[in-house]
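Tertiary structure, described
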Amino acid sequence: MAQHQRWHPPAWLERLGRASWLAVGVVLLLAATVYLFAATRTIVIPLVFAALGAAVCLPIVDRLTRLHIPRSLAALLVLLTLLAIAGAVSVLVVVQLIDQAAELQQYLARGLVQLQESTLGPRLQTAVDEATKIITEQWQQLASGIAPFVADSIGAIVSLGFGIFIAINILYYLLVDGRKAGMWLGAHIGLPPELGVAIVREGVRSLRGYFAGATIVALFNGIVIGGAALVLGTPLVGVIALVNILFSYIPYVGAIVGGAIAVLLALASGDPLDGLYMLIVVILVNTVLQTVVMAYAMGATLKLHPLVVLLATTAGGVFAGAIGSALGAPFVAVAVESHHRIRDSRLFDDDALDEANDAETAPTEDAQQPQDDASRQALAPPGTSDPPVRS
C-alpha cells in the first residue's frame, strides 16, 4: 500500500508567513499602545517626564550618595535644585516683561500707528471696523461661547497643575529607588534577568541621549532666534533667547510659544517689517533648520542615522502627539539595541534551543538509567540476574 508523503511548504513561504503574522502582531500592539496611552495619558505623561528627569539626574544622586549623603536626602536636594532653577528662570522672565511693560506698550502703539500709515492701513482699519461691528451685534452669542472656553481653560490649568504634582512625586521616588526599579523591571520583562537589566539600562542611556540632543537643538534655536532679535534691534533679546531655549524642550507647543513671543517683541520695536522678518526666521528655525539639526544631534547621541531619527520622530507624532514625537527616536534606539543584544545572546536561535534542551534532558536520562536497570532485574526470572561486576 503506497504511503502518502506529508507535504511541507517551501522555506521561503514559511518565512513569509511568519513575517506576515509578526507584522500583524506589531500593528495590533501599536494600536493597543495608542489606545492605552490615550486612556491613561493623565498618568503616563507625568511618568514619562519624570522618567526622563530621573535618567538625567540619577548620576548626580549617585555622586552625592558616594559622599556619604543619605540617598533620600540626596534625591531631595537634587529635586529642590531643579525646582529652584525652574522658578528662578520663570521669575526672571516675568520680571523682565513687567519691567519693560511701559516700554513695550509704547513700542506696540508706535507699531500700530506705522501699520495704519502704511499701505495696509485702510484695509486694516476696514477689517477692524467690521470685526467691531460683528462683536457688537453678536455679543450675547460670543459671551455664551466664551463661558465654555473659560471653563475648559480652568480645567486645563487644573489638569496641568495636577500633572506637575504627580510628575514631581514620581521623580522623587525614581531618584531614590530608580536603580532598584530598573533591576526589578529588567528581571520581569520575560527575558533572562541579565539581558533584561541590560536592555533597561540601554533605555536609560537612550533617554539621556535624547536629553543631550534636545539640549543641542534648544541652544541652536535660542542662539539663532536671539541673534536675529539682536540684529533687528528687538527689545529683551536675552529674554527671547532664554524663552526659546527653554520652550524648545517641549515639542511643537514650545516652538509656537517661543516664536510668538519673539514675533510680538519684534513688532513692538516699532517697525512692522521687523515682525515680518522675525516671523520668517522663526518659521525657518522651527521647521527646516531645526529638523536638520535635530536629526544630526539625535543621530549622534542615540547612534542612529539622521533619516531614521526623522522618520521615528514623525511616526511618533502621528501615533502619540507631542510625547510620541519626543520619544520616537529613543524608542527606536532602544529597540535596535535590544535586538542586537538578544541576537548576540542567541536566546532564540535553533542551535541554542537544542543545546538547552539537550542540557535539560541529559541529566534526566542519566538519572533514569539506574531505575531502568533495577526494573529489568526485578522483572527477570529467578537465577537469571546478571552477576555483579567485580572492580
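**A closer look at unusual backbone geometry**
Of note, His68 is a non-glycine position whose phi angle comes to about 70 degrees, a positive value. Here His68 is to be found in the loop between helix 2 (41-66) and helix 3 (71-99).

**A word on the side chain of Glu202**
Note that Glu202 resides in helix 7 (residues 193-232). Overall, the relative accessible area of 8% leaves Glu202 in the buried class. Residues contacting Glu202, with those up to four places away along its chain left out, are Val334, Glu337 and Arg341.

**A short note on the packing of helix 2 against helix 7**
One can describe the packing of helix 2 onto helix 7 by two numbers: an axis separation of 9 Å at closest approach and a directional angle of 95 degrees. Relative to helix 7, the element helix 2 is oriented roughly perpendicular. Note on element contacts: helix 7 touches helix 2 through Val204, Leu207, Arg208, Tyr210 and Phe211, opposite Ala51, Leu52, Ala55, Val56, Leu58 and Pro59. For the contact of helix 2 with helix 7, the per-class residue count stands at 10 nonpolar, no polar and 1 charged.

**Examining the packing of aromatic side chains**
As enumerated under the stated definition, the model contains 1 aromatic pair in all. Residues Tyr172 and Tyr173 carry aromatic rings whose centres are separated by 5.5 Å and whose planes lie at 70 degrees to one another, so their mutual orientation is edge-to-face. A relative accessible area of 23% places Tyr172 in the partly exposed class. Take Tyr173: its relative accessible area is 53%, and that puts it in the exposed class.

**What about the packing of helix 7 against helix 8 (residues 237-247)?**
Packing of helix 7 against helix 8 leaves a shortest axis separation of 8 Å and a crossing angle of 155 degrees. It follows from the interaxial angle that helix 7 and helix 8 lie roughly antiparallel. Crossing of helix 7 against helix 8: the hand is right-handed. Each of Ala218, Leu219, Gly222, Ile225, Gly226, Ala229 and Leu230 in helix 7 lies in contact with helix 8, whose residues at this interface are Val237, Ile240, Ala241, Asn244 and Ile245.

Parameters and conventions
- Residues numbered from 1 in each chain as written.
- Predicted model: local features only at pLDDT ≥ 70, side-chain atom pairs only at ≥ 80, totals over all residues.
- Heavy atoms only, no water.
- Helix = DSSP H or I, 4+ residues; strand = E, 2+ residues; numbered from the N terminus.
- Buried < 20%, exposed > 50% of the residue type's maximum accessible area, 1.4 Å probe, protein only.
- Contact = heavy atoms within 4.5 Å.
- Axes fitted to C-alpha atoms, helices over the stretch in contact; angles between N-to-C directions.
- Parallel < 35°, antiparallel > 145°, perpendicular 65-115°, else oblique.
- Nonpolar A, V, L, I, M, F, W, Y, C, P; charged D, E, K, R; others polar.
- Phe/Tyr/Trp six-rings, centres within 6.5 Å; stacked < 30°, edge-to-face > 60°.
- Left-handed = near helix turned anticlockwise from the far one by under 90°.

In short, shape yes, function no, at least from these values alone.
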